[in-house]
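Chain by chain, the residues run as shown.
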Protein chains: 4
Amino acid sequence: MDANDTAKKRIVALLHGPDRAGIVARVSGWIYARGGNILHADQHRDKQQHIFFQRIEWIPAGDENEEMRLFRELAEGELGMEATIRLSSYRPKIVLMVSQFEHCFYDILMRCGMGELQCDIACVISNHEKLRSISETFGIKYHYLPISKDTKSQVEAEEKRIIKECGAELVVMARYMQILSADFIDTVGCPVINIHHSFLPAFAGAKPYHQAYERGVKIIGATAHYATADLDEGPIIAQDVVRITHRDSVDDLIRKGRELERIVLASAVRCHLETRILAYRNKTVVFD
Amino acid sequence: MDANDTAKKRIVALLHGPDRAGIVARVSGWIYARGGNILHADQHRDKQQHIFFQRIEWIPAGDENEEMRLFRELAEGELGMEATIRLSSYRPKIVLMVSQFEHCFYDILMRCGMGELQCDIACVISNHEKLRSISETFGIKYHYLPISKDTKSQVEAEEKRIIKECGAELVVMARYMQILSADFIDTVGCPVINIHHSFLPAFAGAKPYHQAYERGVKIIGATAHYATADLDEGPIIAQDVVRITHRDSVDDLIRKGRELERIVLASAVRCHLETRILAYRNKTVVFD
Amino acid sequence: MDANDTAKKRIVALLHGPDRAGIVARVSGWIYARGGNILHADQHRDKQQHIFFQRIEWIPAGDENEEMRLFRELAEGELGMEATIRLSSYRPKIVLMVSQFEHCFYDILMRCGMGELQCDIACVISNHEKLRSISETFGIKYHYLPISKDTKSQVEAEEKRIIKECGAELVVMARYMQILSADFIDTVGCPVINIHHSFLPAFAGAKPYHQAYERGVKIIGATAHYATADLDEGPIIAQDVVRITHRDSVDDLIRKGRELERIVLASAVRCHLETRILAYRNKTVVFD
Amino acid sequence: MDANDTAKKRIVALLHGPDRAGIVARVSGWIYARGGNILHADQHRDKQQHIFFQRIEWIPAGDENEEMRLFRELAEGELGMEATIRLSSYRPKIVLMVSQFEHCFYDILMRCGMGELQCDIACVISNHEKLRSISETFGIKYHYLPISKDTKSQVEAEEKRIIKECGAELVVMARYMQILSADFIDTVGCPVINIHHSFLPAFAGAKPYHQAYERGVKIIGATAHYATADLDEGPIIAQDVVRITHRDSVDDLIRKGRELERIVLASAVRCHLETRILAYRNKTVVFD
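Predicted model only: the values in this text are computed from it and were never measured.

**Points about the confidence of the model for chain A**
- This prediction gives chain A a mean pLDDT of 94; 98% of its residues lie at or above 70.
- Among the scores for the predicted complex, ipTM is 0.94 and pTM is 0.95.

Structure follows, in structure tokens:
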């Protein structure tokens, strides 16, 4: 876009709801009539479910907060859609949950540090002490919360308290090797993105690289998804794969997989932060 | 889409022209106001050149020919756009030009035979006799037009005559190993799609696999593009690549490249036939 | 290799058996001592199972049949290996089994016709009449054997008779939409390669593209494997994948998947014909 | 490999030289006769140039230093090969050269920190101050050496002095945006790996993403290569690519390219550190 456009306030809206004729015309006509300048507009229809999806980004002529308020009336009222409406300068706080594998953790840290991800890391929660020092080097508060079968519900309660208290709008499980309870997911109050180290739905569950090695597949993958009560069954956001051969040991799979995990998790988090993802019926629409 | 929608006449329009505010609203509003049902709409803006591009597909309420006429008035008149407007049942004739390498030729033949490509092969033009028998097995007329430096302009004139006479709307060079003159390209009267066996702009010109082997690249590619007066310089439609290693001889590169050439050429031809490609300023917008 | 080498008889051997020190030295030393010229040698060790694998290709100094006989003595006798030993000119007969989807069938036909696959198609077996005419156009005998629950064992017996009678050394299921019985697989007397239209082990069983659509994956795949008594569970030979998005309908998945199926099946068949595959413990070693 | 094998000293040798019969037999026979246990052996022949290449890794029965000395006599003396012979525990010092783009720099830092790359970063050399603080956070000495046309030869002399003084065996240009002189390359005394942000040989020189955008390619890439006197012309070690569309602005290309640059540079450095790369005649053999 023009340098001029970059400087101006932009509004991003994600809509979805029952499909019907004329929605595109109504939305674009409304913005145009109020002097707005549409920068991007992308829509999708699920023709089996008759659901309409749209992501639209524009520069309003008037005050952006007033425009957002009025647009919400249009979207939710007249059009009967669910709407997420944000300024493009949206920069939420996130919480990172990690265990001992550090590659995804480092990667998110690094990308935040370089400005690749538009968010602030409010704190780190871990069931190990291992990554405290690197966290603190980057000036990020580190909560060590070891967890056992007996303490699980208590620790999860503490985790929720921390997440809510710091105002996080997203939790990123950067290889956090504990299964979150259905109750945690339901009540944490914000989306949770998880990275699974296989090409889901293949090799769900534990030790996917070992499973892949045993089965003798020729390609392995990684999957970022929103965590739901059903382990490894949430809506898939991003996936990537890499070729392997009989020469690759389990250790090689783990090494090659680390690259995938980093890229796939970062890509999913970036799309989420840029308000590009609509999750529905256990699937996602990811506007690019 | 619904079974109902499939049966109905659909109109596809490709527009491009000077960008300005309100085009999306005007186009979608126009169709909606006339009772049309928009199935797909996708737009793009070249923000450096201030050009607007759109592909839109809809089921008109009224007579489709009348709607196409009126939409052209809107697009070309009021909006000042260049417009390609077709029924989705568009099924043009094409001419295949080939030499001795048969893989792309066979591939296009096979895809037409299976209905993957919505077109009819009007005839084959070749500077060799080699593929006559397979052409005729498939019931396709075969023109053998050998070519030499001295006869080039004369043979090209004959080729143009054949292409025009059969009413072809697209020429596909399926590894036709002759350079078409600038005059031929300018006057043949329809687009020409070529497949180049490298990842352009790398290894333009002759023997790209040998060039790639010499340079020691780790990935090779293929490129489908519209032919222009400048050899290997036309707007790129599709590209794909495959990994190679030091183990691969030039023959291996040729073998691996054949797969790419087939897929890339077929993909470019399909996008063209489905009215998905807008070429401008030596680039393409390919709506997917 | 040199033009000279191409003209000479070459021997290809695949060995596997219990790993122990000195095998590489013994094999290469044996060939060298007898004046052979090793063109390729590649080995692999399964370090968990302590199995040694080797593919070795050489030009013998003496009579190739005598060398093959003596090498077998070395491999099976002294080294205690299982051995497959062939001339590089090996060109077996194969049988194609098909139903109604023609893309893989056409593809194998085409590649055989162009010399990409070093084999002869002895005949086609199908449970439909649909592809008779194209088979016969290519001069290939077509056996129409419709199959029902009641006639299954009887039809399979007839299929086996045909396969044995024509001397086929490989059966290729080019989207043959019937489940072969465990008994058929056990007694057909030659390997059977199948193409499954998903990235196994994801979406085994029926309608994998529909399953993939439902699950909302972002990548789909195809898998070629040796058929075993356990449906979709045999040793995987080759896999490939392609990206999809929310825009892709089930029909788009089917179309994109067709490309994969063609490439993956052809690649598996080519590796098999070139004596590059060792199957063991439900996995494969594919020497490239 | 077995846990036992991991603990033992291993020797890795890279050989290349004039091809002749019996080399594989001689090398493997020599190791076997001395009680060595070969873990990996991979060879390659350039059949056009008649050059033999081998990478072999084994556990010697006796003292590893004595075995290395004797093996060098065999390789260089009897076989007339050039030989690189190292313990698998080889862990060299490297120097990172950077300018202002930090993604490759951070990435190498992070991988060293996690043990993915078996080396120590002796120091950082930069023509900007920008990355001093992050370097020093990681405890790495930072040399700020601004450079101008007038001071170039003087600064390069200082750079060479630093590189030699710290005993570095590899220089990694992690997006160092200065052209090193031919003299520097010739006299720095160790290999230099550079990352170029295009799919070489396409878009050599400055601003490759802008060039790629202008040309309208559908795929972009990155290339890691050994730096030579000819800019962007050195032996290619690793390449990777990613798809782009008309939707991608130059900024998107830069963002997508960053991922490639990180992965490709890290992969090249890893292969170098693991003694997997043989460079010859401006190409590389990379044993995997």
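Having seen it, we continue.
**Topic: the sheet that holds strand β4 (residues 82–87) of chain A**
All names here are of chain A.
- Sheet architecture is open: four strands sit in the order β2-β3-β1-β4, paired in antiparallel fashion. Looking at strand neighbours, the two that pair on one side only are β2 (37–46) and β4, the edges of this open sheet. Averaged over all pairs of adjacent strands, the angle between strand axes in this sheet comes to 10 degrees, irrespective of strand direction.
- Examined bridge by bridge, strand β1 (residues 11–18) and strand β3 (residues 51–59) share eight bridges and lie antiparallel to one another. Note that in β3 the partner of alanine 13 across the bridge is isoleucine 56.

**Some thoughts on the domain arrangement of chain A**
Residue and element names in this part refer to chain A.
- Here chain A is described as being made up of domain 1 (3–87) and domain 2 (93–286).
- With centres defined by C-alpha atoms, the gap from domain 1 to domain 2 works out at 31 Å.
- Contacts between the two partners involve 13 residues from domain 1, matched on the other side by nine residues from domain 2.
- Interface of domain 1 and domain 2: buried area, both sides summed, is about 990 Å²; carbon and sulfur atoms make up 59% of it.
- For the side of domain 1 that touches domain 2, the secondary structure elements donating two or more residues are β1, β2, β3 and β4.

**Regarding the interface of chain B and chain A**
- At the interface, 19 residues of chain B touch 19 residues of chain A.
- Buried area between chain B and chain A, both sides added, is near 1500 Å², and the carbon and sulfur share of it is 53%.
- The largest share of the area that chain B buries against chain A comes from Tyr32, Arg45 and Lys47 of chain B, three residues that together contribute 30% of it.
- At the boundary of chain B and chain A, one finds zero salt bridges.
- At the junction of chain B with chain A, the criterion picks out four residue pairs in polar contact (both at pLDDT 80 or more).
- Where the side of chain B that touches chain A is concerned, the elements lending two or more residues are α2 (23–33) and β2 (37–46) of chain B.
- No other element matches the eight residues that β2 of chain B contributes to the side of chain B that touches chain A.
- Residue composition of the side of chain B that touches chain A, grouped by class: eight nonpolar, seven polar and four charged.

**A short note on the interface of chain D and chain B**
- Facing the 36 residues of chain D at the interface are 36 residues of chain B.
- Approximately 3100 Å² of surface area, both sides summed, lies buried where chain D meets chain B, with 49% of it carried by carbon and sulfur atoms.
- Taken as a group, Arg215, Lys218 and His246 of chain D account for 23% of the area that chain D buries against chain B, more than any other trio of residues on that side.
- At the junction of chain D and chain B, the tally comes to four salt bridges.
- Linking aspartate 42 of chain B and arginine 247 of chain D is a salt bridge whose minimum nitrogen-to-oxygen distance equals 2.6 Å.
- Where chain D packs against chain B, one counts 20 residue pairs in polar contact (both at pLDDT 80 or more).
- Mapped by element, the contributors of at least two residues to the side of chain D that touches chain B are β2 (37–46), α8 (208–215), β11 (236–243) and β13 (283–286) of chain D.
- Top element by residues in the side of chain D that touches chain B is β11 of chain D. It accounts for seven residues.
- Class assignment for the residues of the side of chain D that touches chain B results in 15 nonpolar, nine polar and twelve charged.

**Description of the pattern of salt bridges**
- Under the defined criterion, the tally for this structure stands at 116 salt bridges over all chains.
- Put simply, glutamate 129 of chain D and arginine 132 of chain D hold a salt bridge, and the shortest N to O gap is 2.7 Å.
- Judged by relative accessible area, glutamate 129 of chain D falls into the partly exposed class, the value being 37%.
- Between arginine 262 of chain D and glutamate 259 of chain D there is a salt bridge, with its nearest N and O atoms 3.6 Å apart. Remark: glutamate 259 of chain D and arginine 262 of chain D occur in helix α9 (residues 250–273); sequence separation between them is three residues, near one turn of the helix. Each member of the pair, arginine 262 of chain D as well as glutamate 259 of chain D, carries the same accessibility label: buried.
- A cluster of three or more residues bridged by salt bridges with shared partners is formed by Asp107, Arg111 and Glu116 of chain A together with Arg258, Glu259 and Arg262 of chain D.

**As for helix α3 (residues 64–78) of chain D**
Residues and elements named next belong to chain D.
- The first and last C-alpha atoms of α3 sit 20 Å apart over 15 residues, in line with the 21 Å expected at 1.5 Å per residue.
- Inspection of α3 places Glu64, Glu67, Met68, Leu70, Phe71, Leu74 and Ala75 among the buried residues, and these make up the whole buried set.
- Taken from the residues just after α3, glycine 80 is the one with a positive phi, measuring 65 degrees.

**Let's talk about the relation of the copies chain B and chain A**
- If you rotate chain B by 180 degrees and push it 0.0 Å along the axis, it lands on chain A with an RMSD of 0.0 Å. Viewed as a symmetry operation, the transformation between the two copies matches a two-fold axis. Closest to the rotation axis within chain B is the C-alpha of alanine 25 of chain B, separated from it by 2.7 Å.
- Of all interface residues in chain B, 100% are interface residues in chain A too; the two copies therefore contact each other through one and the same surface.

**Here we look at helix α4 (residues 103–114) of chain D**
Residue and element names in this part refer to chain D.
- End to end, α4 covers 16 Å across twelve residues, agreeing with the expected 16 Å (1.5 Å per residue, within 8%).
- Counting buried positions along α4 yields eleven of twelve residues, so the element is predominantly enclosed.
- Note on α4: the residue one or two positions beyond its end, glycine 115, has a positive phi of about 80 degrees.

**Side note on the packing of aromatic side chains**
- Within the structure shown, the criterion is met by 14 aromatic pairs over all chains.
- For the ring pair tryptophan 30 of chain A and phenylalanine 71 of chain A, a centre distance of 5.4 Å and an interplane angle of 65 degrees mean the geometry is edge-to-face. Residue tryptophan 30 of chain A is found in helix α2 (residues 23–33), and its partner phenylalanine 71 of chain A is found in helix α3 (residues 64–78); the two are separated by 41 residues along the sequence. In this structure, tryptophan 30 of chain A and phenylalanine 71 of chain A share a single accessibility class: buried.
- Grouping aromatic residues by their ring pairs yields a cluster made of Trp30, Trp58 and Phe71 of chain A.
- Just above the ring of tyrosine 213 of chain D sits the side chain of lysine 283 of chain B; from NZ or CZ to the centre is 3.5 Å.

**Focus on the sheet that holds strand β6 (residues 120–126) of chain D**
Residue and element names in this part refer to chain D.
- If you walk across this open sheet you meet the seven strands as β7-β6-β5-β8-β9-β10-β11, and the pairing is mixed. Both outer strands of the open sheet, β7 (141–144) and β11, are each paired with one neighbouring strand and no more. Adjacent strand axes in the sheet meet at a mean angle of 20 degrees, parallel and antiparallel pairs treated alike.
- Sheet topology places strand β9 (residues 192–196) next to strand β10 (residues 219–226); four bridges connect them, and they run antiparallel. Residue isoleucine 195 lies in a different strand from β10, and its bridge partner there is alanine 224.

Cut-offs used in this document
The numbers attached to residues start from 1 for each chain and follow its sequence in the written order. As a convention, the first chain written is A and the first ligand written is 1, with the rest following in written order. Per-residue local features are limited, in this predicted model, to residues with pLDDT of at least 70; the limit for side-chain atom pairs, both in listing and counting, is 80 or more; totals at the level of whole chains, interfaces and linings are taken over all residues. By convention in this description, side-chain values take in all heavy atoms of the structure and omit both hydrogens and water. Confidence of the predictor at the level of single residues is captured by pLDDT, which takes values from 0 to 100. A strand pair is defined by DSSP finding two or more bridges across the two strands. In this description a helix means any DSSP run of H or I spanning at least four residues, a strand means any run of E spanning at least two, and both kinds are numbered starting from the N terminus. In this analysis, axes come from line fits to C-alpha atoms, helices being fitted only over the stretch in contact, and the angle between any two N-to-C directions falls in the range 0 to 180 degrees. Note that the domain bounds reflect an automated or database-derived domain assignment. Working rule for contacts: check all heavy atoms of both residues, and any pair within 4.5 Å makes them a contact. Buried area counts how much accessible surface, traced with a 1.4 Å probe, disappears from two parts once they are put together, with both parts' losses summed. Any Lys or Arg side-chain nitrogen located within 4 Å of an Asp or Glu carboxyl oxygen qualifies as a salt bridge. N or O atoms closer than or at 3.5 Å make up a polar contact, with two conditions inside protein: a donor-capable atom paired with an acceptor-capable one, and, for residues adjacent in sequence, both atoms drawn from side chains. Residues are grouped as follows: Ala, Val, Leu, Ile, Met, Phe, Trp, Tyr, Cys and Pro are nonpolar; Asp, Glu, Lys and Arg are charged; all remaining types, including Gly, are polar. When a residue's accessible area, from a 1.4 Å probe over protein chains only, is under 20% of the maximum for its type it is buried; when over 50% it is exposed; and in between it is partly exposed. Expected span of a helix, by definition, is 1.5 Å for each gap between consecutive residues, and there is one gap fewer than residues. Here the copies are superposed with least squares, the fitted atoms being C-alpha atoms of residues at a pLDDT of at least 70 in both. Ring geometry is summarised as follows: Phe, Tyr and Trp rings, the Trp one being its six-membered ring, pair when their centres sit within 6.5 Å, and such pairs are stacked at plane angles under 30 degrees, edge-to-face over 60 and tilted between the two. A ring has a charge above it when a Lys NZ or an Arg CZ is no more than 6 Å from the ring centre and no more than 35 degrees off the ring normal.

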